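Read off the chains here:
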Amino acid sequence: MTRGPTWFNVTSLVVGFSFLYLPIVLLVIYSFNDSRLVTVWGGFSTRWYASLLENDQLLDAAWVTLRVAFTSACIATVLGTLAALVLVRSGRFVGRSLFSGMIFAPLVMPEVILGLSLLLLFVSMDQARGFWTVMLAHTTFAMCYVAVVVQSRLVGFDKSMEEAAEDLGCPPVKTFFLITLPIILPGVIAGWMLAFTLSLDDLVIASFTTGPGATTLPMKIYSQVRLGVTPEINAVCTLLVGVVTIGVIAASIVTKRQQVQRERDERAAFGADG
Amino acid sequence: MAEEHVAPPVRRGLGGWLLIAMPYIWLLIFFLAPFLIVFKISLSQVAIAIPPYVPTFDLSEGWQAFADGLSELSLENYVWLTEDALYWRSYLSSVTIAAVSTFLTLLIGYPIAYAMARAPQALRPTLLMLVILPFWTSFLIRVYAWIGILKNEGLLNQLLLSLGLIDEPLVILNTNIAVYIGIVYSYLPFLVLPLYASLERLDGSLLEAAEDLGCPPWKAFWKITVPLSLPGIIAGCFLVFIPAVGEFVIPDLLGGSNTLMIGKTLWVEFFNNRDWPVSSAVAVILLLILVIPIVLFQNQQQKMSEKEG
């Protein structure tokens, strides 16, 4: 339904996107503010970034966060991809609706409930809390997001190549790695990235499930934010926003290019040059 | 999101069952079992111990101890919740704040989704990317960014003062208005995405037909565009409303001491008062409140994907 831009549509887009982006842009600008008073501009400076490098607590927290995010994203991607395969491919089985309910409920469940319930689980299992408990908690809610992302990729999937491989006697596991996985790979990668950033960002669930020695970056940021806005926190936030933005844009360019390449390959393989 | 494309029953070997078992067992242990534990602890009493509640069940102490423990469980915490006005006022104000912010998000999100769906085809992927991108950046950071803007000496007040629109700074931070702004801002992409999806599919020829028959554009909008985008509106509103009810970070950082929201009440009960049984009871009731919209949402999603498939 393209009808050319009307002033109303253009205004909505401009106002809407300014609303979405202005706060983040201001935060980034003020992280280069020389003045300690956060809202008074005192000239350009990178001193807050330099002082970050000397803040050992913050660096420790960042290291913990990266380890948690990396490990949980990897496990969540495996489990989430399996869950997506089950949802799309396994047909009906006993307990199927419970299964899909458990996949979709965490997406909308308030984080305080997820955090509290997982903490109580770890306590009742007598599990010492720390790195591993945060990692398990993040894996659990991230795998649901991965499942949804991979599932959407699997739904619009042409099964003829898989069937051909199986007819030619290829065992199912081999078919999965040689045919299915390469086709759904963009979804799997997007799922991994989503799991990684969800873990990177999470404050509430980590606060409940963490223990001594496993303070994550969002928890550190949160405890400082409660004391007020500081340019140092602006600098941390800018770095985080920067890393995530570059990651997302890079990934979307790579998958786009892969898709074009794949389409070209397929056309070549079928001998039908566009 | 909850698309159901159930394939017909298939013959399954050991591998097939293993495939189902792995994610299934994980979710049973780390998602379902924790809820049962929350429910059990909501029936326990607070105690000065580790863990800070009684009874604790230890099967190694034999069945008698287990049975004794069972008899110690009671609904006391729930009675306590109904007696203290703080709790039911928190629930009520959470639901109200979430409902009002959902409505505001819809008011702001609809024009954006509408304009996106009507933008030139070539521009749409970029616009979509621009809506999704904030979703990837930290929630905490996006909420934090508003503190610097809304403070009394913040950027918004500086701007308004220098323009001469106001004589003294507006008090926005630490009020419910800041909470509304925070929720609308944080959840806007959740509403715009499903709405855009249903608006983009809308058949333009219907509008043209209406126009040819002399229907004024605003009337065509109400009679055609709005009803046809209703699935997107409903999905988007659920995606904003449900998590907003239990929100903690936004009321805590942007709201004031008199901003009551149940997520914050639960947090305080747990971390400050260390009353695990009462916070569990708070969580159980919150869950009961949310079960209705969650089930409605899943049904709606299922119906939509059946229509497509």
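Calculation notes
- Residues numbered from 1 in each chain as written.
- Chains lettered and ligands numbered in written order.
- Predicted model: local features only at pLDDT ≥ 70, side-chain atom pairs only at ≥ 80, totals over all residues.
- Heavy atoms only, no water.
- Helix = DSSP H or I, 4+ residues; strand = E, 2+ residues; numbered from the N terminus.
- Buried < 20%, exposed > 50% of the residue type's maximum accessible area, 1.4 Å probe, protein only.
- Contact = heavy atoms within 4.5 Å.
- Areas by Shrake-Rupley, 256 points an atom, 1.4 Å probe, with all protein chains shown as cover.
- Lys, Arg positive; Asp, Glu negative; His and termini not counted.
- Charge placed at Lys NZ, Arg CZ, Asp CG, Glu CD.
- Domains from an automatic or database assignment.
- Buried area = accessible area lost by both parts, 1.4 Å probe.
- Salt bridge = Lys/Arg side-chain N within 4 Å of Asp/Glu carboxyl O.
- Polar contact = N/O pair within 3.5 Å; in protein donor to acceptor, adjacent residues only side chain to side chain.
- Nonpolar A, V, L, I, M, F, W, Y, C, P; charged D, E, K, R; others polar.
- Expected span 1.5 Å × (residues − 1).
- Bend = angle between axes of the 7 residues up to and from the residue.
- Core = buried A, V, L, I, M, F, W, Y, C linked by side-chain atoms within 4.5 Å.
- Patch = residues over 30% accessible without salt bridge, like charges linked within 9 Å, V, L, I, M, F, W, Y side chains within 5 Å.
- Phe/Tyr/Trp six-rings, centres within 6.5 Å; stacked < 30°, edge-to-face > 60°.
- pLDDT = per-residue confidence, 0-100.

**Some points on the overall build of chain B**
Helices and strands together make up the secondary structure of chain B, namely 14 helices and two strands. Taking the principal axes of the C-alpha coordinates as reference, chain B spans close to 80 × 70 × 30 Å. Every one of the 309 residues in chain B was classed for burial, and the buried ones make up 51%. Considering only intrachain contacts with a sequence separation of at least 6, the fraction spanning at least 24 residues in chain B is 72%. For chain B, the exposed area adds up to about 14800 Å²; of that, 69% sits on carbon and sulfur atoms.

**Quick notes on the overall build of chain A**
Assigned secondary structure in chain A consists of eleven helices and zero strands. Helices and strands in chain A line up, N terminus first, as α-α-α-α-α-α-α-α-α-α-α. Summarising its shape, the C-alpha atoms of chain A cover approximately 70 × 60 × 35 Å along the three principal directions. Separation of charge centres in chain A, based on 18 positive and 18 negative side chains, amounts to 4 Å.

**Some thoughts on the domain arrangement of chain B**
Residue and element names in this part refer to chain B. As far as domains go, chain B holds domain 1 (1-74) and domain 2 (78-308). The centre of domain 1, based on its C-alpha atoms, is set 32 Å off from the matching centre of domain 2. Opposite the 17 residues of domain 1 that make contact, domain 2 presents 14 residues. Both sides together, the interface formed by domain 1 and domain 2 hides about 1300 Å², and carbon and sulfur atoms give 72% of it. Along the contact surface separating domain 1 from domain 2 lie zero salt bridges. Between domain 1 and domain 2 we count one residue pair in polar contact (both at pLDDT 80 or more) in total. The set of elements that each furnish at least two residues to the side of domain 1 that touches domain 2 consists of helix H1 (14-42) and strand E1 (45-46). It is H1 that provides the largest number of residues to the side of domain 1 that touches domain 2, a total of five residues.

**With respect to the interface of chain A and chain B**
Listed by partner, the interface residues are 93 residues for chain A and 100 residues for chain B. Of the roughly 8700 Å² buried between chain A and chain B, counting both surfaces, carbon and sulfur atoms make up 78%. Linking chain A with chain B are one salt bridge. One salt bridge connects Arg-226 of chain A with Asp-252 of chain B, and the closest N-O pair in it is separated by 3.8 Å. Residues belonging to the side of chain A that touches chain B are distributed by class as follows: 66 nonpolar, 21 polar and six charged.

**Some points on helix H1 (residues 7-30) of chain A**
All names here are of chain A. The terminal C-alpha atoms of H1 lie 33 Å apart, and with 24 residues this matches the ideal 34 Å at 1.5 Å per residue to within 8%. Tyr-21 marks where H1 bends most, by close to 40°; the proline Pro-23 follows one to four residues later. Inspection of H1 places Asn-9, Ser-12, Leu-13, Gly-16, Phe-17, Leu-20, Pro-23, Ile-24, Leu-27 and Tyr-30 among the buried residues, and these make up the whole buried set.

**As for the nonpolar core**
If you look at the biggest cluster of nonpolar residues, it comprises 183 residues, and the most contacted ones within it are Phe-99 and Phe-208 of chain A together with Met-116 and Val-249 of chain B. At 15 residues, helix H6 (residues 131-155) of chain A tops the list of elements feeding residues into this core. Built from parts of two domains, this core gets at least three residues from each of domain 1 (1-74) and domain 2 (78-308) of chain B. Every residue in contact with Val-249 of chain B, bar those within four places of it in the chain, is listed here: Leu-203 and Val-204 of chain A together with Phe-139, Leu-140 and Val-143 of chain B.

**Focus: a negative patch on the surface**
All names here are of chain A. On the surface, a cluster of negative charge is contributed by Asp-158, Glu-163, Glu-166, Asp-167, Glu-263, Asp-265 and Glu-266. The set of elements that each furnish at least two residues to the negative patch consists of helix H7 (160-167) and helix H11 (231-269). On the secondary structure map, Glu-263 appears in helix H11. Glu-263 gets classed as partly exposed once you look at its relative accessible area, which sits at 43%.

**Looking at the environment of Leu-185 of chain A**
Residue and element names in this part refer to chain A. Topologically, Leu-185 is positioned in helix H8 (residues 172-201). When its relative accessible area of 30% is taken as the criterion, Leu-185 is described as partly exposed. Along the primary structure Leu-185 and Val-150 are separated by 35 residues, whereas in three dimensions their C-alpha atoms are 8.6 Å apart.

**Points about the side chain of Ser-198 of chain B**
Residue and element names in this part refer to chain B. Note on placement: Ser-198 falls in helix H8 (residues 176-200). Engagement of the side chain of Ser-198 in a polar contact is seen with the backbone oxygen of Leu-195, the distance being 3.2 Å. Residue contacts for Ser-198: discarding those within four places in its chain leaves Ser-229 and Gly-232.

**As for the packing of aromatic side chains**
Counted by the stated rule, this structure contains 33 aromatic pairs over all chains. Centroid distance Phe-176 of chain A to Phe-177 of chain A: 5.2 Å. Interplanar angle 80°. Geometry classified as edge-to-face. Exposure remark for Phe-177 of chain A: the relative accessible area of 51% places this residue in the exposed category. Centre to centre, the rings of Phe-248 of chain B and Trp-267 of chain B are 3.9 Å apart; their planes meet at 10°, and the pair counts as stacked. With Phe-248 of chain B in the loop between helix H11 (230-245) and helix H12 (249-253) and Trp-267 of chain B in helix H13 (residues 262-272), this pair connects stretches of sequence that are 19 residues apart. Considered together, Phe-248 of chain B and Trp-267 of chain B belong to a single accessibility category, that of buried residues. Each member of the aromatic cluster is reached from another via a ring pair, and the members are Phe-208 and Tyr-222 of chain A together with Phe-248, Trp-267, Phe-270, Phe-271 and Trp-276 of chain B.

**Thoughts on the confidence of the model for chain A**
With 96% of its residues at a pLDDT of 70 or more, chain A has an overall mean of 86. By mean pLDDT, H11 of chain A is the weakest element of chain A at 82, and helix H9 (residues 204-209) of chain A is the strongest at 94.

**So, a nonpolar patch on the surface**
Residue and element names in this part refer to chain A. A contiguous nonpolar surface patch, about 510 Å² in accessible area, is contributed by Leu-22, Val-25, Ile-29, Trp-41 and Phe-44. Checked against the element boundaries, Trp-41 lands in the loop between H1 and helix H2 (47-53). Residue Trp-41 is classed as partly exposed on the basis of its relative accessible area, which comes to 42%.

**Comments concerning the environment of Arg-96 of chain A**
Tracing the backbone through its elements, the reader meets Arg-96 of chain A in helix H4 (residues 96-108). Overall, the relative accessible area of 7% leaves Arg-96 of chain A in the buried class.

**Let's talk about the environment of Ala-178 of chain B**
Residues and elements named next belong to chain B. Summarising the element assignment, Ala-178 is placed in helix H8. Judged by relative accessible area, which is 0%, Ala-178 ranks as buried. Setting aside residues up to four positions removed in sequence, Ala-178 forms contacts with Leu-150, Ile-172, Leu-173 and Leu-254.

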